[in-house]
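# Secondary and tertiary structure notes
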Amino acid sequence: MMKKELIKAMHFHMFDLNVNVTTQTTEGQSLSVEMKTFYDKTLIRLAEAKLIHDQFGQKRNIPKNGGKTIEFRQFPALPKALTPLTEGVTPDGRKLNATSITATVSQYGDYVATSDMLQLTAIDNIAKETLTLIASQAGRTLDTITREVLCGGTNVRYVNSKTSRDNIASTDVLTVKDIKKAVRDLKTKNAETINGCYVALIHPDAVYDIWNDDEWIAASRYAGSEQLFKGEIGKIFGVRFVESTEAKIWSHEYTPSGGSKTVTPVYGTIVLGANAFGTTTVEGGGLETIVKQLGSGGTADPLNQRATVGWKAVKTAVRLVEEYMVRIEHSATLSSSAN
């Protein structure tokens, strides 16, 4: 089947007749290998657009027949060799001291059910819209799993010299000075850059504040800079800013001195270097589409009334080096709800 015909089959005949089936038995119909591959690739491509956090971690394939554990290895830096060599004497040398960090994968998924009557009477293209919706859901779900791991890091700065999240007021917004402090933290820990820069994962509400910072306005006028990452919006002081509405927001109650209690959203802007965390890939079985056509339910669906489209993923994320990421907690002038 040609690609053009394949797309047409996907869009208009996802569940009906024999355009996308290879066999038909008394228990129903099954997708061809060609269509299954097409669905999986489409789901992965659409879901990857949501994986803003995932793109900066070490990637590991899903373990095949190896249990539920993925292993990452960390190699500490070797000490300086300051002792002069003695002529004709071979020094003792060093042994690599690898540290193993393991993480347990979990399975996630969901599906959408459609009826024969919906497919017969709906004006919209049900197959196309369903695949788009589940891909968005899968991408946001997997991205949030990684985000929550990153936001649990122990290397944290609070703006305006605040000492905890509970002390952050609505006026404690993110500034370029806070970014420069985070860069200093990463550099002093010898954190490697990602394609030549550190990366800041930032919410659009925080972008609004930092764009209004005089230092950003003065420093961000760089010509000919190309965007390297999905969601990138700018670069200053060796940091590329990647914007996402999925960046972390907490909600807490704050009572100013002599004032009344208010609910203040607190944002987590994460500035990180290379090898700060690890995560699983979405290819190679990490994310797959499950399509059940009309007639595939057997005796559980005797009148061929139901079909489903779903996704299933195996996922984990783990922080590898706490010092290679800095979480800046702050408020925003224009704030959103906790997520």
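Preceding this paragraph is the structure being described.
Remember, predicted model here, so these are calculated numbers, not experimental data.

## Comments concerning the overall build of the chain
Within the chain, the secondary structure is distributed over seven helices and 17 strands. Counting the 339 residues in the chain, one finds 43% classified as buried. Looking at the chain alone, contacts between residues at least 24 apart form 77% of all its contacts between residues at least 6 apart. Of the roughly 18600 Å² of accessible surface on the chain, a fraction of 51% belongs to carbon and sulfur atoms.

## So, the nonpolar core
The biggest cluster of nonpolar side chains holds 21 residues, and the ones touching the most others in it are Ile179, Ile210, Phe241 and Val271. Of all the secondary structure elements, the ones that give two or more residues to this core are α5 (176-188), β8 (198-202), α6 (204-211), β10 (239-243) and β17 (325-330). It is α5 that contributes the most residues to this core, five residues altogether. Beyond its immediate stretch of four places on either side in the chain, Phe241 contacts Ile179, Ala200, Ile202, Ile210, Trp216, Gly231, Glu232, Ile233, Gly234 and Ile236.

## Thoughts on unusual backbone geometry
Here Asn195, not a glycine, exhibits a phi torsion of approximately 55°, which is positive. With respect to the element layout, Asn195 can be found in the loop between α5 and β8. Residue Asn275 is not a glycine yet carries a positive backbone phi of 60°. If you trace the backbone, Asn275 turns up in the loop between β12 (262-272) and β13 (277-280). By relative accessible area, which is 39% here, Asn275 ends up partly exposed.

## Comments concerning α5
With 13 residues, α5 should reach 18 Å at 1.5 Å per residue; the first-to-last C-alpha distance of 19 Å fits that figure. Every buried residue belonging to α5 is among Val176, Asp178, Ile179, Ala182, Val183, Asp185 and Leu186, and all of these are buried. Within two residues after α5, Asn190 carries a phi angle of roughly 60°, on the positive side.

## Focus: the sheet that holds β13
Read across the sheet, three strands follow the order β3-β13-β16 without closing on themselves; strand pairing throughout is mixed. The sheet is open, and its two edges are formed by β3 (58-60) and β16 (317-319), each paired on a single side. Between one strand axis and the next, the sheet turns through 20° on average, direction left out of account. Bridging between β13 and β16 involves three bridges; their strand directions are antiparallel. From the neighbouring strand, Thr279 faces β16, where its bridge partner is Ala317.

## Quick word on the pairing of β13
What you see with β13 is no split at all: Phe277 and Thr279 on one side and Gly278 and Thr280 on the other are buried throughout. When β3 meets β13, the two strands line up parallel, connected through three bridges. Across the sheet, residue Gln58 finds its bridge partner in β13, namely Gly278.

## Considerations on the packing of aromatic side chains
Applying the stated criterion across every chain yields a total of one aromatic pair. Ring geometry for Trp216 versus Phe241: centroids 5.0 Å apart, planes at 75°, classification edge-to-face. Of the two residues, Trp216 is situated in helix α7 (residues 214-219) and Phe241 in strand β10; the sequence distance between them amounts to 25 residues. Pair check on accessibility: Trp216 and Phe241 agree, each one buried. Of note, Arg165 hangs over the ring of Trp250, and the distance from its end group to the ring centre comes to 3.8 Å. Lying over the aromatic face of Phe237, Lys180 brings its terminal NZ or CZ to 5.1 Å of the ring centre.

Reading guide: rules and limits
- Residues numbered from 1 in each chain as written.
- Predicted model: local features only at pLDDT ≥ 70, side-chain atom pairs only at ≥ 80, totals over all residues.
- Heavy atoms only, no water.
- Helix = DSSP H or I, 4+ residues; strand = E, 2+ residues; numbered from the N terminus.
- Buried < 20%, exposed > 50% of the residue type's maximum accessible area, 1.4 Å probe, protein only.
- Contact = heavy atoms within 4.5 Å.
- Areas by Shrake-Rupley, 256 points an atom, 1.4 Å probe, with all protein chains shown as cover.
- Core = buried A, V, L, I, M, F, W, Y, C linked by side-chain atoms within 4.5 Å.
- Expected span 1.5 Å × (residues − 1).
- Pairing = 2+ DSSP bridges.
- Axes fitted to C-alpha atoms, helices over the stretch in contact; angles between N-to-C directions.
- Phe/Tyr/Trp six-rings, centres within 6.5 Å; stacked < 30°, edge-to-face > 60°.
- Lys NZ or Arg CZ within 6 Å of the ring centre and 35° of its normal.

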